[in-house]
Structures are given as C-alpha cells and as structure tokens.
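Summary of the model geometry
What follows is each chain in one-letter form.
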There are 2 protein chains.
Amino acid sequence: MAALSCNAYALGLSHRRPAGSSPRRMVVVRAEAINPDIRKTEEKVVDSVVVTDLAKPLTAYCRCWRSATFPLCDGSHVKHNKATGDNVGPLLLKKQ
Amino acid sequence: MAALSCNAYALGLSHRRPAGSSPRRMVVVRAEAINPDIRKTEEKVVDSVVVTDLAKPLTAYCRCWRSATFPLCDGSHVKHNKATGDNVGPLLLKKQ
C-alpha cells in the first residue's frame, strides 16, 4: 500500500507523458504525507499568529514541515530542497 | 530512483515494525518533494505578508502546497490529509 501510493506520488512529480506513449500504471498524484514528524498526535496542525504580538520586523514561518523550531522557519527548507529538488520556502511576516 | 526514494519516504511515515518482524529494505526518510505544482519555475517559493495590510480579522495561509489560491489557504489540506493520513493545516494570521 505504501509503495503503491508512493509510486503514484512519484508519477505526480514527473512530467506529463508525451501523447501516444504507453499509459503508466497509475494516475493518482500526491498521495503521500508531507509532514513526517511534527505534532503527529494532533489531527490537524494549525498555528495562529496574532500579528500585533510579532516582536521583530520580520519573522519567517515554516512551510516545509522540516523545521526544528516549527511553526517558525529554521532554514531546513534549504536542505530539503537540495535533497529532493523541491522549491519550497517560508512565509515571511513583516511588521511593515 | 523515484520509486526507491519514495519507498524510503513511505517507510518514514509508517509505524515501527513489531519486534521480530523481517527488516525493511530501506531506512532513509524524507527524500521526496512536497510541492508538486506551485510556481515550479521559481528556485524557492517565498511569500511575504505585510501584516498591517491584512484586511480581514483572520487570514489563513497554506502550508500543504495544494491550495489553488496559494499562498492563501483554500482548504485543500482537508483532501490531502484524508488521502494520505497526513495532519497538516494552515497558518492563521489574526489581527488581534
């Protein structure tokens, strides 16, 4: 089951097959979790920021689900992007 | 290659095998991209929010990389979580 859905995910990442080429085995895409570790006991990981509480002029929030300081960004997306060819990055909150 | 690293990723998500069961083939985890589609021409997808510009009392920002209104949340994490067993959710920005 894991291997099957995983293959589907991999297909989702690859480019479309040229017209006329033989069909792939599966067409389902994006069947894998993107958060391996963070707060897995929670049904849904939602975080709130009261923007008036922001202390610094700029605060970066994680969107790669790899940060050791989640929900804050710790730069882990750099390693993730390098390892996988991905292009994810944080959400920057600016006070002005 | 995709299938191999993908299998590793799936293993990372599965629970530990019971003692005495046969070992799995790979132990590497988190080798897959998490953003299948969004702004793939950009080297790194970073978004900025000037918090004084927020119009509504609450604005949800996507962290699942599946939203059709990215960087805003459109609720796509619900479908993603259901399809994959994941537990990701948005970042909520509150004016107060």
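Overview of the structure. Think of each chain on its own: its residues are numbered from 1, step by step along the sequence as written. Starting at A for chains and at 1 for ligands, labels are handed out in the order in which the entities are written. Residues qualify for local features only when their pLDDT is at least 70, as the model is predicted, and side-chain atom pairs are given and counted only at 80 or more; totals for whole chains, interfaces and linings, by contrast, use all residues. To obtain the side-chain values, all non-hydrogen atoms of the structure were included, while hydrogens and water were left out.

Notes on the overall build of chain A
Regarding its fold elements, chain A presents two helices and three strands. Here a helix means four or more residues in a row that DSSP labels H or I, a strand means two or more in a row labelled E, and each is numbered from the N terminus. Helices and strands in chain A line up, N terminus first, as α-β-β-α-β. Only protein chains enter the accessibility calculation, which uses a 1.4 Å probe; a residue is then buried when its area is under 20% of its type maximum, exposed when over 50%, and partly exposed in between. Taking all 96 residues of chain A together, the buried fraction comes to 42%. Any two residues having at least one pair of non-hydrogen atoms within 4.5 Å are treated as being in contact. Counting only contacts in chain A whose residues sit at least 6 apart along the sequence, the fraction spanning at least 24 positions is 45%. What sets the accessible areas is the Shrake-Rupley method with a 1.4 Å probe; for residues, cover comes only from the shown protein chains. About 5,600 Å² of surface is accessible on chain A, with carbon and sulfur atoms providing 56% of the total.

Topic: the interface of chain B and chain A
Between chain B and chain A, the contact holds 55 residues from the first and 54 residues from the second. Basic side-chain nitrogens of Lys or Arg form a salt bridge, by our definition, when they fall within 4 Å of a carboxyl oxygen of Asp or Glu. For Asp86(A), the salt bridge is made with Lys40(B), and the minimal N-O distance between the two is 2.8 Å. Whenever a nitrogen or oxygen atom comes within 3.5 Å of another N or O atom, the pair is scored as a polar contact, on the condition that within protein one atom can donate a hydrogen and the other can accept it, and that pairs from neighbouring residues in sequence are kept only if both atoms are in side chains. Our count for the chain B to chain A interface comes out at 38 residue pairs in polar contact (both at pLDDT 80 or more). Among the secondary structure elements, those contributing two or more residues to the side of chain B that touches chain A are helix 1 (2–13), strand 1 (45–50), helix 2 (76–84) and strand 3 (88–94) of chain B. In the side of chain B that touches chain A, the residues fall into 30 nonpolar, eleven polar and 14 charged. Sheet analysis places strand 1 (residues 45–50) of chain A next to strand 3 of chain B, joined by five bridges and oriented parallel. Bridging from a neighbouring strand, Val49(A) pairs with Leu93(B) of strand 3 of chain B. Amino acid classes used here: Ala, Val, Leu, Ile, Met, Phe, Trp, Tyr, Cys and Pro are nonpolar; Asp, Glu, Lys and Arg are charged; the rest, including Gly, are polar. Strand pairing follows a simple DSSP-based rule, namely that at least 2 bridges must link the two strands.

Overview of the sheet that holds strand 2 (residues 58–61) of chain B
Strand order in the open sheet made by the three strands is 1(A)-3(B)-2(B), with mixed pairing throughout. If you trace the sheet from one side to the other, it starts and ends with strand 1 of chain A together with strand 2 of chain B, each paired once. Across this sheet, the average inter-strand angle for adjacent strands is 20°, counted without regard to direction. Examined bridge by bridge, strand 2 of chain B and strand 3 of chain B share four bridges and lie antiparallel to one another. Across the sheet, residue Ala60(B) finds its bridge partner in strand 3 of chain B, namely Leu92(B). In this analysis, axes come from line fits to C-alpha atoms, helices being fitted only over the stretch in contact, and the angle between any two N-to-C directions falls in the range 0 to 180 degrees.

Things to note about the relation of the copies chain B and chain A
Rotating chain B by 180° and translating it 0.0 Å along the rotation axis places it on chain A, where the RMSD comes to 0.1 Å. The transformation relating the two chain copies, once decomposed into turn and shift, fits a two-fold axis. Interface overlap between copies is the fraction of interface residues in one copy that are interface residues in the other; for chain B against chain A it reaches 98%, indicating a shared surface. A least-squares fit on C-alpha atoms brings the copies together, and the residues used are those whose pLDDT is at least 70 in both copies.

Some remarks on the sheet that holds strand 1 of chain B
Spatial strand order, 2(A)-3(A)-1(B): three strands in an open sheet with mixed pairing. Of all the strands in the sheet, the pair left with one neighbour each is strand 2 (58–61) of chain A together with strand 1 of chain B. Neighbour-to-neighbour, the strand axes of this sheet turn through a mean angle of 20°, independent of strand direction.

Quick word on the side chain of Arg63(B)
With respect to the secondary-structure elements, Arg63(B) resides in the loop between strand 2 and helix 2. You can call Arg63(B) buried: its relative accessible area is 2%. At 3.0 Å, the side chain of Arg63(B) forms a polar contact with the backbone oxygen of Val45(A). Residue contacts for Arg63(B): discarding those within four places in its chain leaves Ile34(A), Val45(A), Val46(A), Asp47(A), Cys62(A), Arg63(A), Trp65(A), Phe70(A), Pro71(A), Gly89(B), Pro90(B) and Leu91(B).

Re the environment of Arg39(B)
Counting through the fold element by element, Arg39(B) comes out in the loop between helix 1 and strand 1. A relative accessible area of 28% places Arg39(B) in the partly exposed class. In the structure, Arg39(B) is positioned 31 residues away from Phe70(B) in sequence and 9.6 Å away in space, judged by C-alpha atoms. The contacts of Arg39(B), once residues within four sequence positions are left out, are Asn87(A), Val45(B), Val46(B), Asp47(B) and Phe70(B).

Re the packing of aromatic side chains
Residues and elements named next belong to chain A. The rule is short: rings of Phe, Tyr and Trp, with Trp giving its six-membered ring, pair when the centres are within 6.5 Å, and they are stacked under 30 degrees, edge-to-face over 60, tilted in between. Scanning all chains against the criterion turns up two aromatic pairs over all chains. Seen in terms of ring centroids, Trp 65 and Phe 70 are 4.7 Å apart; in terms of plane orientation they differ by 25°. Their pairing is stacked. Judged on exposure class, the residue Trp 65 and its partner Phe 70 are both buried.

Fair warning: the whole summary comes from geometry, so function is off the table for now.
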